[in-house]
Structure formats: structure tokens, C-alpha cells
Amino acid sequence: MLEFREIRIEDRDRAKKLLSLSGYRGCEYTFGNNFIWSEPFNIKVAFYKDFYIVSSEGEFFYPSGKGNFKEIVEELRNYSRSQGCRLCFGSSPKSGMEYLKETYGDGVEIYSNPDFFDYCYNYDDLSTLVGKKYHSKRNFINRFIQNDWSYEDISDENVKECETVLEKWKDENSGSGDPSLEQELTACKKGLEYFGELGFIGGLLKVEGNPVAFTFGEGINGDTFDVHVEKALSDYDGTYPMINREFVSRRCSDYKYINREEDVGEENLRKAKLSYHPAFMEEKFRIIFKD
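All of the points below concern the structure found in this document. (Residues numbered from 1 in each chain as written. Predicted model: local features only at pLDDT ≥ 70, side-chain atom pairs only at ≥ 80, totals over all residues. Heavy atoms only, no water.)

### Things to note about the sheet that holds strand β14 (residues 280–282)
The criterion, for reference: In this analysis, strands are considered paired if DSSP registers two or more bridges between them. Helix and strand definitions follow DSSP, with helices as H or I runs of at least four residues and strands as E runs of at least two, each counted in order from the N terminus. Geometry is summarised by axes, namely lines fitted to C-alpha atoms with helices restricted to the contacting stretch, and by angles between N-to-C directions that run from 0 to 180 degrees. Only heavy atoms enter the contact rule, under which two residues are in contact if any of them lie within 4.5 Å.
Read from one edge to the other, the open sheet built from seven strands follows the order β9-β10-β11-β12-β13-β8-β14, with strand pairing classed as mixed. Since the sheet does not close on itself, it has two edges, and those belong to β9 (149–153) and β14, each with one partner. Mean inter-strand twist for the sheet, computed between neighbouring axes without regard to direction, equals 30°. Lying over the sheet, helix α7 (residues 159–173) contacts β9, β10 (201–207), β11 (210–219) and β12 (224–232), oriented at roughly 105° with respect to β11. This element, helix α9 (residues 239–251), spans β9, β10, β11, β12 and β13 (257–259) of the sheet and lies at about 135° to β10.

Listed below in C-alpha cells is the structure:
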């Protein structure tokens, strides 16, 4: 019997173990992502045998774990029916989509939405920004390093300075009219509040001793790191490419790929992510059962 409830920090170790068994690369397959976005996206979780299942706004992420996938899918179908609806996987990796297509055939409707594909980059590219395609990024960085700057790993001692950056970033963007701003702020604040308990790693950039940018994330699987949050103030040119390069080069050398998540259809965000030249897009699929 499936029982969904609010996600708790105490779920971390069990969930991370089951997530690691699947090896997915999508950003929603990290415990930290599920936890910090739980309030904005109404995330609930359930554990069933050796599976970890996440619900968001009544839809599900494809299960993580090991065992009989058909059994857990049928459990989810029955659960959905008990709620008066059809089972819908709002996000599934390509491997999950292929399994459901092979197993259920015409019994499922499959949709692909590039707005929610994750941008994945080579570590070597982001850590060095070498080559003609990164010429403009290096120009911005060259401007930034004219300042008296410093970099620090995020720790208990300086996490409050990241909160200072976040509050200033909020003030800079409060007039944008973007309805998702409050949701993003809620997730960022929760990530900073539980930074150590979630096992995040991150970096803080300063100019003349004052914090101007921060970023943090966690590993998704053995070869991919997920950058959950990256925020910078507009006071200086090149702050974003600088915090990106410094953090990745210093802290992500154990990974082959860096996932910088999706653009959710925002044109400016899409432009910014494309300007870093992704190695590939992590595809995601929406799958709805017909009965």
C-alpha cells in the first residue's frame, strides 16, 4: 500500500541510496532538489520495497530504485485510480519511457517537452572555458578579475553571507513581474538553511570582502554533478561566468558532466544556458496512462 507524505530531512540517506541505484541524470533525481522544492511544488514522497517515489502536484517522477518495475507501476496505477485519476509520470528519463512504451504499448501516451530538458556540459569545458566558443565568457572574466576578488567554499561560517546575496538579488529582481520568483527564493533559502544536512557543496565569490555571488549543488550519479542554485549580483561584469568557472574547477573534478538544469521555456535563460555550449540535453518525457 502506497502512502505519500511530506518529505523529511531524515529521509535523506534512504532516498539517496535508492536514487543511486538508478543512475539517472535528471535534476529531479537528487534528494536535495526534492527537498528544497517541496513547498513550491507540493512534493510528497513514498517508499515501497526498494523504490523511492516522488509526487509533485499529483503527478509522479519515474521511480528510483531496484526490483520489479511493473509491480511498482501497477501500484501507482491503483493509487491514482483511488484518487480518481489516471497515472501520469510528469517526468521520466528516456530509459523509463522506453520501458513503459515496450511494456504498455498503446496503453500510454508519451509527450516530450524540451522546455524541461536539462542542460549537461563537459566538466573540462566549464572548468577552463578554453576555445573560441568561450571567447566572450573569458572577456567577462578578464573584466571581473580586475577587482579585488576572492573565492571561498560555502561553510557554516559563511553561509549567512550567501543569504545576504540572495536578499540583494531579490531586491534587484523584484520588479521583473516573474511569478516564479517567490518559489525560487523559497527553494534557495531552504537549500541554505539545510546546506550541511543535505550534503551540498558550494562556492562563494567576494569583491573587496563583500559577497557578490554563490552557487551550490550535489552529485546526481557517479559521473554527473547537479548545480541547483547560482545567484550573482549585477554590480560587476562577469560575476556569473566567474562563480561558475571557479566553483566547477575547484569542486567538481570528480565528475565528467555538469548538469545546470532546465530553462522552463524562459527565452533569456535558454540563451544563457546555450551560451555555455552543452555537451547534450538530458531528455525527459511526460507519460499518461489511458486507463
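### Looking at the environment of Asn-113
Defined as follows: We call a residue buried when its accessible area falls under 20% of the maximum for its residue type, exposed when it is over 50%, and partly exposed in between, using a 1.4 Å probe and counting protein chains only.
With respect to the element layout, Asn-113 can be found in the loop between β7 (108–112) and β8 (118–122). Judged by relative accessible area, Asn-113 falls into the partly exposed class, the value being 35%. Remark: the alpha-carbon pair of Asn-113 and Leu-205, spanning 92 residues in sequence, is separated by 34 Å.

### Quick notes on unusual backbone geometry
A positive phi angle, close to 50°, is found at Glu-208, a residue other than glycine. Tracing the backbone shows Glu-208 in the loop between β10 and β11. The backbone of Val-264 sits at a positive phi, close to 45°, despite the residue not being glycine.

### Thoughts on the side chain of Ser-55
With respect to the helices and strands, Ser-55 occurs in strand β3 (residues 51–56). The exposure class assigned to Ser-55 is buried, which follows from its relative accessible area of 9%. Sequence-distant contacts of Ser-55, defined by excluding residues within four places in its chain, comprise Phe-4, Asn-42, Ile-43, Lys-44 and Phe-60.

### Topic: the packing of helix α6 (residues 135–144) against α9
To keep it simple, the criterion reads: Just so you know how the angles are binned, under 35 degrees is roughly parallel, over 145 roughly antiparallel, 65 to 115 roughly perpendicular, and the rest oblique. Charged means Asp, Glu, Lys or Arg here, nonpolar means Ala, Val, Leu, Ile, Met, Phe, Trp, Tyr, Cys or Pro, and polar covers whatever is left, Gly included.
The N-to-C vectors of α6 and α9 enclose an angle of 95°; their axes lie 8 Å apart at closest approach. Regarding the angle of α6 to α9, the classification is roughly perpendicular. Taken together, the residues of α9 that come into contact with α6 (itself represented by Lys-137, Phe-140, Ile-141 and Phe-144) are Thr-239, Pro-241, Met-242 and Arg-245. Per-class residue counts for the contact of α6 with α9 are five nonpolar, one polar and two charged.

What is shown is where atoms sit, not what they do.
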